[in-house]
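# Coordinate inspection notes
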Amino acid sequence: MQPVALHSDRLRLDQPVAADAAPMYEYCQDPLFERFLTVPWPYNHSDAETFISLYIPGAWKADQEYTWVLRAPDSDDFLGVISLRAKSGSIGFWLGAPYRGNEYIPEAQRLVADWAFAEGLVNEIHWECLVGNVASARVARKCGFTFAGTGPSRSAYRDGSHPQSWQGVLRASDDRQIKGGWPESVEQA
Ligand SMILES: CC(C)(COP(=O)(O)OP(=O)(O)OC[C@H]1O[C@@H](n2cnc3c(N)ncnc32)[C@H](O)[C@@H]1OP(=O)(O)O)[C@@H](O)C(=O)NCCC(=O)NCCS
């Protein structure tokens, strides 16, 4: 499909432009990304350029993965990325370090979930993170995901392994209230 833009009072989710490659490259040097994400590592400027110019538009066109960049409504600054895989319904996200702590990702996640459910693209959205990624788990919990347990990751890690992951699910019929049952380190963070 053609890319769709999503909006809230505080956020604009739209498509990346060539100028986003520089901040994307900069933010992807974060050691958290080596540990918790499957982005290439070391992360090169060409990785950002390829992601923006080839991967994202190709994946929209093929209805494989819907990816947006986050911006404030009145600015072109690039804040981070959120994506939803069509087949598996898995959601992934990251923010540049300067923009964390503002609840941008919970808001973006709600926009993406509302859109995907309203369009009937998926009935369930799956979230997972490596065990110990408390910030990611707090975001999922805040959006009303139900904790589904700990197990080998559904998606392969960078080295092809399936490390122990926290997993959660949000169904189209779910309310968006915070659910109990998350690991203690997540509940008490
Ligand atoms: C996950 C991420 C997008 C969350 O960003 P954010 O929405 O701005 O959220 P915050 O950074 O404020 O963190 C969310 C919560 O976790 C808490 N938190 C953050 N880092 C934490 C840590 N190291 N240990 C414990 N709690 C932590 C915050 O205090 C916040 O608490 P709250 O729920 O009371 O508000 C961001 O941390 C990030 O980009 N991380 C690196 C990439 C990544 O791991 N992506 C997810 C892959 S599954």
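This section reports on the structure supplied with the text. Predicted model, so just to flag it, every value in this text is computed and none were measured. (Residues numbered from 1 in each chain as written. Predicted model: local features only at pLDDT ≥ 70, side-chain atom pairs only at ≥ 80, totals over all residues. Heavy atoms only, no water.)

### Some words on the pattern of salt bridges
- Enumeration according to the criterion identifies 12 salt bridges in this entry.
- Across the salt bridge formed by Asp14 and Arg12, the nearest N and O atoms sit 2.8 Å from each other. Accessibility classification places Asp14 together with Arg12 in one group, the buried group.
- When the shortest N-O distance is used, the salt bridge between Arg12 and Asp76 registers 3.2 Å. (Salt bridge = Lys/Arg side-chain N within 4 Å of Asp/Glu carboxyl O. Buried < 20%, exposed > 50% of the residue type's maximum accessible area, 1.4 Å probe, protein only.)

### A closer look at the environment of Glu107
- Mapped onto the secondary structure, Glu107 falls in helix α4 (residues 104-118).
- Between the C-alpha atoms of Glu107 and Arg141, which are 34 residues apart in sequence, the distance is 13 Å.
- In this structure Glu107 touches Ser8, Asp9, Arg10 and Leu11, once residues within four positions along its chain are discounted.
- One polar contact links Glu107 to Ser8, side chain to side chain, over a distance of 2.5 Å. (Helix = DSSP H or I, 4+ residues; strand = E, 2+ residues; numbered from the N terminus. Contact = heavy atoms within 4.5 Å. Polar contact = N/O pair within 3.5 Å; in protein donor to acceptor, adjacent residues only side chain to side chain.)

### Let's talk about the side chain of Arg71
- Looking at where Arg71 falls in the secondary structure, it is placed in strand β3 (residues 65-71).
- Assessed through its relative accessible area of 3%, Arg71 is described here as buried.
- Within the structure, Arg71 has its side chain in polar contact with the side chain of Asp14 (distance 2.9 Å).
- Engagement of the side chain of Arg71 in a polar contact is seen with the backbone oxygen of Gln15, the distance being 3.1 Å.
- Not counting the four nearest positions on each side in its chain, Arg71 is found in contact with Arg10, Leu11, Arg12, Asp14, Gln15, Pro16, Val17, Asp20, Asp76, Asp77, Phe78 and Leu79.

### Describing the site of the ligand
- Around the ligand, the surrounding shell holds 21 residues, and the nearest of these are Phe93, Gly101, Asn133, Arg138 and Lys142.
- One nitrogen or oxygen atom from the main chain of Phe93 is found 2.9 Å from a nitrogen atom belonging to the ligand.
- Arg100 places a side-chain nitrogen or oxygen 3.3 Å from an oxygen atom of the ligand.
- Here the ligand loses 71% of its free accessible area of 930 Å² to cover by the protein chains.
- Mapped onto the shell around the ligand, the elements with two or more residues apiece are α2 (31-36), β5 (91-95), α4, β6 (124-130) and α5 (134-142).
- For the shell around the ligand, the element with the highest residue contribution is α5, accounting for six residues.
- Partitioned by chemical class, the residues of the shell around the ligand number 13 nonpolar, three polar and five charged. (Near = heavy atom within 4 Å. Areas by Shrake-Rupley, 256 points an atom, 1.4 Å probe, with all protein chains shown as cover. Nonpolar A, V, L, I, M, F, W, Y, C, P; charged D, E, K, R; others polar.)

### Quick look at unusual backbone geometry
- A cis amide bond links Trp41 to the next residue, Pro42, at an omega of -5 degrees.
- Within the secondary structure, Pro42 sits in the loop between α2 and α3 (45-61).
- Positioned with a positive phi, Asp63 is a non-glycine residue whose angle comes to about 50 degrees.
- Note that Asp63 resides in the loop between α3 and β3.
- Its relative accessible area of 34% is what places Asp63 among the partly exposed residues.
- One non-glycine residue, Glu103, lies in the positive phi region at around 60 degrees.
- With relative accessibility at 41%, the residue Glu103 sits in the partly exposed group.

### Things to note about the sheet that holds β5
- The sheet built from five strands is open, its strands ordered β1-β2-β3-β4-β5 with antiparallel pairing. The open sheet has two edge strands with one neighbour each: β1 (6-7) and β5.
- As paired elements, β3 and strand β4 (residues 80-85) share six bridges and run antiparallel to each other. By the bridge assignment, Leu70 is partnered in β4 with Gly80.
- In this fold α4 packs onto β1, β2 (12-14), β3, β4 and β5, with an angle of close to 150 degrees to the strand it touches most, β5. (Pairing = 2+ DSSP bridges. Axes fitted to C-alpha atoms, helices over the stretch in contact; angles between N-to-C directions.)

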